[in-house]
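# Coordinates in review
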Amino acid sequence: MNNLDENQLDDDDDVQNDAVIASALRASLVVFMVLGIPVIGALIYLNINERREDSTESEVTLPKQRQENAREIPQLLMKSVATEAGIDFKHDSGREGQKLLPETMGSGAAVLDYNGDGHQDLLFVNSTRWPWDTRGQLDSPCRLYKGDGKFQFTDVTEEAGIGKNLYGMGAAVGDYDNDGDTDIFLSAVGRNRLLKNEGGVFADVTDDAGVGGGDDKWGTSCGFFDYDNDGLLDLFVCNYVTWSKDADLSQKFTLDGESRAYGPPKAFSGSFSYLYHNEGDGSFTDVSESAGIQIRNDDTGVPLGKAMGLAPVDFNGDGWLDIVVANDTVRNFLFENNRDGTFSEVGRICGIAFDRSTGNARGAMGIDTAQFRDNGTLAIGIGNFANEPSALYMARAGKKQFTDAAMYTGFGPPTRQGLTFGLFFFDVDLDGRFDLLGANGHLEEEISKVQATQRYAQPPQLFWNAGRDAKSELVLTPESSVGEDFYQPIVGRGAVFGDFDEDGDQDVVIAVSDGEPAVFRNDQSTGNHWLRVGLEGTDGNRDGIGAIVELGLGERVLRQCVMPTRSYLSQCEKAVTFGLAERQSVDSITVAWPGGIREVFPVSGIDQAIVLRQGSGSVESPKAEVRGDPSGR
């Protein structure tokens, strides 16, 4: 850090105080107008009758000016490589012309290592034609691609047993039975599906596990995490609005007064999400009601939630995962873990429920969290609807009160241009600071007819973190930095990151509604150093999900949580990547495992991927063997 004035640089205090100052100023102005005018009149009268005295000059001391860094945006080239990488997936929304709301909301993707060979694989969630489609049915399964670590992928959908049709929306990945294989959960319009990984081949165990949900539910984002620290991954499934074909078609939605449009979420009732407790015998118990995550409208008593995004995070630092839910057009939820199997909803108290400037709920979609600064400041990023700025809620370490710093950091204003679905933090240039990516795309093909500034297909946005001492902390990267491929308009939905060529930086995949995904190879050319860290739990969940990895770099400590559940309908890679900038070494790594046990590991090198096994105190290399690869490749 530069030796700047401490009060000027305490951005956390600035962020916390901005809203308070603004509110106090408005109140002060009202009081001044009511009481000030008579007082001023009296003073003028007295001053007229008072003899003039000579004024005494005093020296004015100006506050120290905030020094701003002069960092330039580096070359962060994002190269489109879907075709050459062997990815030929195309999302089938099932749209036939009736404009049913689910047709424009999907879908997601997931990064996972399904066969344990140490390379990142890709899963694309697919939808399908409706049962009443006059065109007949079409085989449109979700697709699984096996990666080779060199950014080449092979379609293994059929061999792996993935190929069954459903109106899919989102995915969750995790080793829920702690057998060493990554399992898959698929959310859908209608019944959800749990696929158990048995040595690289997946078996549908939905009924036995008891996680299918209702036939009339609309599942969206979902995720595995251990909310009660018993060593087993539990499952949270967001449910969107209460929807049916008849309810949709019975309402005459239109943009221009003539042609039919997709219905807004306000036209549909809310719903309850699911929280499933892992019983350890292959089955789950629905504890949604007893755990306190079923939130009702204060006035009507009907289900309130219209859940789109999910972010498990220990926001209060007590070693127990809490839950943030991004809701569409109703307030966001923050479920604080009571450490007894129940949660308390504190979103309004903590300041993330509404738009802090207007007091209104926003159209929230994707979500992610990060330890945004070295001092432990927690950030919650939420992508919002068109013409609404995305949110960037921040809270100081140890504090529960959040303030939306989107405008303060420079992140908010440019996001009004897009309708942001997928959103995540990652270090695109490996400089040790979190950057932000948003995947954009509107719901309506003909939105430009009624809103001249909006388009159906929209380019994604990448915000480079220039540092807290910059004029603008988050800077929208121009085409000259990221390349023309990245700026091509798409109808973006879920977004994920993973190191598919194993060069240390994280590549990006964006799922496209009713289209082919955008696959970007990160060709940033900073030359910065890095360290990738994977975990293997022994006393806790095998994936290490929920663990905090702390990297010691002299006076700095970088922190990341192992959490694949990010973005919108999607899952990012489990390994955490630390950007080291120009540093040539790492002092130490400390892992705070789920449950609170801390373990220190030595590090002997950088620019490598390592695996830390709980209780071993030693560093291992990633696995290189393949467990039961069904493709025979």
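Below is a short write-up of the structure.

Analysis parameters
Residues numbered from 1 in each chain as written. Predicted model: local features only at pLDDT ≥ 70, side-chain atom pairs only at ≥ 80, totals over all residues. Heavy atoms only, no water. Helix = DSSP H or I, 4+ residues; strand = E, 2+ residues; numbered from the N terminus. Buried < 20%, exposed > 50% of the residue type's maximum accessible area, 1.4 Å probe, protein only. Contact = heavy atoms within 4.5 Å. Polar contact = N/O pair within 3.5 Å; in protein donor to acceptor, adjacent residues only side chain to side chain. Core = buried A, V, L, I, M, F, W, Y, C linked by side-chain atoms within 4.5 Å. Phe/Tyr/Trp six-rings, centres within 6.5 Å; stacked < 30°, edge-to-face > 60°. Lys NZ or Arg CZ within 6 Å of the ring centre and 35° of its normal. Pairing = 2+ DSSP bridges. Axes fitted to C-alpha atoms, helices over the stretch in contact; angles between N-to-C directions. Salt bridge = Lys/Arg side-chain N within 4 Å of Asp/Glu carboxyl O.

### Structural notes on the overall build of the protein chain
- Summing up its helical and strand segments, the protein chain has 11 helices and 38 strands in all.
- Out of the 633 residues belonging to the protein chain, those deemed buried represent 57%.
- Within the protein chain, contacts between residues at least 6 apart in sequence are counted, and of these 61% link residues at least 24 apart.

### Quick look at the side chain of Q614
- Residue position: Q614 is located in the loop between β37 (608–613) and β38 (619–620).
- Of note is the side chain of Q614, whose polar atom sits 2.9 Å from the backbone nitrogen of T538.
- Dropping the residues within four chain positions of it, Q614 is found in contact with E536, G537, T538, D539, G540, W593 and E599.

### Here we look at the nonpolar core
- L122, F426, L437 and I510 are the most contacted members of the largest nonpolar core, which has 40 residues in total.
- Among the nonpolar cores identified, the runner-up in size contains 37 residues, and L194, L275, A291 and F343 belong to it.

### As for the packing of aromatic side chains
- As enumerated under the stated definition, the model contains 27 aromatic pairs in all.
- Here the aromatic rings of F424 and F497 are separated by 5.0 Å at their centres, their planes lie at 70°, and the arrangement is edge-to-face. Taken as a pair, F424 in strand β22 (residues 420–426) and F497 in strand β26 (residues 492–498) lie far apart in primary sequence, 73 residues in all.
- F424 gets classed as buried once you look at its relative accessible area, which sits at 0%.
- Residue classification places F497 among the buried residues on the basis of a relative accessible area of 5%.
- In this structure, R493 is placed above the aromatic ring of F421, and the distance from its NZ or CZ to the ring centre is 4.1 Å.

### Considering the pairing of strand β9 (residues 201–204)
- Sheet analysis places strand β8 (residues 193–198) next to β9, joined by four bridges and oriented antiparallel. Looking across to β9, one finds that K196 is bridged to A203.
- The antiparallel pairing of β8 with β9 creates a hairpin that spans two residues between the two strands, and G199 there sits at a positive phi of about 70°.

### Here's the deal with the sheet that holds strand β35 (residues 588–592)
- An order of β31-β30-β35-β36 is seen for the four strands of this open sheet, with the pairing classed as antiparallel. In the strand order of this sheet, the two ends are held by β31 (556–561) and β36 (598–601), each with one partner. Across this sheet, the average inter-strand angle for adjacent strands is 20°, counted without regard to direction.
- Inspection of the sheet shows β35 paired to β36 by four bridges, in the antiparallel sense. In the sheet register, I589 faces β36, and the bridge partner there is F601.

### Examining the pattern of salt bridges
- As enumerated under the stated definition, the model contains 36 salt bridges in all.
- Among the ionic pairs, R362 bridges to D404, the shortest N-O distance being 3.0 Å. In this pair, R362 is assigned in the loop between α8 (347–350) and β18 (367–371) and D404 in strand β21 (residues 403–404), connecting sequence segments 42 residues apart.
- R362 gets classed as buried once you look at its relative accessible area, which sits at 8%.
- Bridged by salt links that share partners, the residues R95, K99, E444, E445 and D514 form one connected network.

### Quick look at the environment of G270
- Position of G270 among the secondary structure elements: in the loop between α6 (245–249) and β12 (274–278).
- Measuring from C-alpha to C-alpha, the distance between G270 and V302 comes to 7.5 Å, with 32 residues separating the pair along the chain.
- Sequence-distant contacts of G270, defined by excluding residues within four places in its chain, comprise Y240, T242, P303, L304, G305 and K306.

### Some details on the sheet that holds strand β23 (residues 435–440)
- The sheet built from four strands is open, its strands ordered β22-β23-β24-β25 with antiparallel pairing. In this open sheet, the two strands that pair with only one neighbour each are β22 and β25 (474–476). Ignoring which end each strand starts from, the neighbouring axes of this sheet average 20° apart.
- Relative to β25, strand β24 (residues 461–465) runs antiparallel, the two being bridged by three bridges. Considered in β25, the bridge of N465 is made with L474.

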